[in-house]
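Examining the three-dimensional arrangement
Residue-level listing of the chains:
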Amino acid sequence: MEVVFSLSVFIIIYLFYYIAVISKSKKLDKLMEGMEITYLKRRYNLSLKKINKKRIANVIALTNSFIVSVTILLVSIVGNHILKLMMAFIILVPLIIISYHIIGLYLKRSEENV
């Protein structure tokens, strides 16, 4: 049951992100100046001029949806609310770091291949 709920959260968050950000060019431009992209540019020395903006936005949307849905899935196992909150923070930080590291490496390779 928790897996179905987690999958539905993933789909809902991605669709919301797609409708609100990716499909609108003004929001897409703001995303390119956002915290995620700024972190990736500085940490991995990316220029991102050769890479399509929608492609980057899709990768970020999928990653953020994955992070939230996995966190919800793992936290739903625990019964105590205070423990759930603590566990969520413990899960979120490594997931964000690992996910954005993988995105950075992926974009670095994409930038070098283009």
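Our subject is the structure that appears above.
Residues numbered from 1 in each chain as written. Predicted model: local features only at pLDDT ≥ 70, side-chain atom pairs only at ≥ 80, totals over all residues. Heavy atoms only, no water.

1. Brief notes about helix H1 (residues 2-22)
Structurally, the α-helix is built with 3.6 residues per turn, so residues lying three or four positions apart point the same way. The end-to-end C-alpha separation of H1 is 28 Å, in line with the 30 Å expected for 21 residues at 1.5 Å each. Among all positions of H1, only Ser6, Val9, Tyr14, Tyr17, Val21 and Ile22 are buried. The buried side chains of H1 occupy one side of the element, clustering within an arc of 125 degrees when seen end-on. Along H1, exposed side chains directed more than 90 degrees from the buried face belong to Val4, Ile12, Phe16 and Ile19. (Helix = DSSP H or I, 4+ residues; strand = E, 2+ residues; numbered from the N terminus. Expected span 1.5 Å × (residues − 1). Buried < 20%, exposed > 50% of the residue type's maximum accessible area, 1.4 Å probe, protein only. Arc of directions from axis to C-beta.)

2. Description of the nonpolar core
Grouped burial of nonpolar side chains is what soluble globular proteins tend to show. Tyr17, Leu40, Leu48, Ile56 and Leu107 are the most contacted members of the largest nonpolar core, which totals 27 residues. For this core, the secondary structure elements donating two or more residues are H1, helix H2 (25-31), helix H3 (35-44), helix H4 (53-75) and helix H5 (81-113). With eight residues, the top contributor of residues to this core is H4. For tyrosine 17, the residues in contact, after removing those within four places along its chain, are Ile22, Leu31, Ala57, Ile60, Ala61 and Asn64. (Core = buried A, V, L, I, M, F, W, Y, C linked by side-chain atoms within 4.5 Å. Contact = heavy atoms within 4.5 Å.)

3. A look at the packing of H1 against H4
Relative orientation of the contacting elements H1 and H4 amounts to 150 degrees, with a least axis distance of 8 Å. In terms of axis orientation, H1 runs roughly antiparallel to H4. The interaxial crossing formed by H1 with H4 has right-handed handedness. Here the contact of H1 with H4 is built from residues that sort into 18 nonpolar, five polar and two charged. (Axes fitted to C-alpha atoms, helices over the stretch in contact; angles between N-to-C directions. Parallel < 35°, antiparallel > 145°, perpendicular 65-115°, else oblique. Left-handed = near helix turned anticlockwise from the far one by under 90°. Nonpolar A, V, L, I, M, F, W, Y, C, P; charged D, E, K, R; others polar.)

4. Things to note about the packing of aromatic side chains
Tallying each qualifying case throughout the model produces one aromatic pair. Where tyrosine 14 meets tyrosine 18, the ring centres are 6.2 Å apart and the plane angle is 35 degrees; that geometry is what we call tilted. Of the two residues, tyrosine 14 and tyrosine 18 are both situated in helix H1; the distance of four residues between them amounts to about one turn of the helix. For tyrosine 14, a relative accessible area of 19% corresponds to the buried category. Geometry around tyrosine 44 places arginine 43 over its ring, the cationic atom sitting 5.3 Å from the centre. (Phe/Tyr/Trp six-rings, centres within 6.5 Å; stacked < 30°, edge-to-face > 60°. Lys NZ or Arg CZ within 6 Å of the ring centre and 35° of its normal.)

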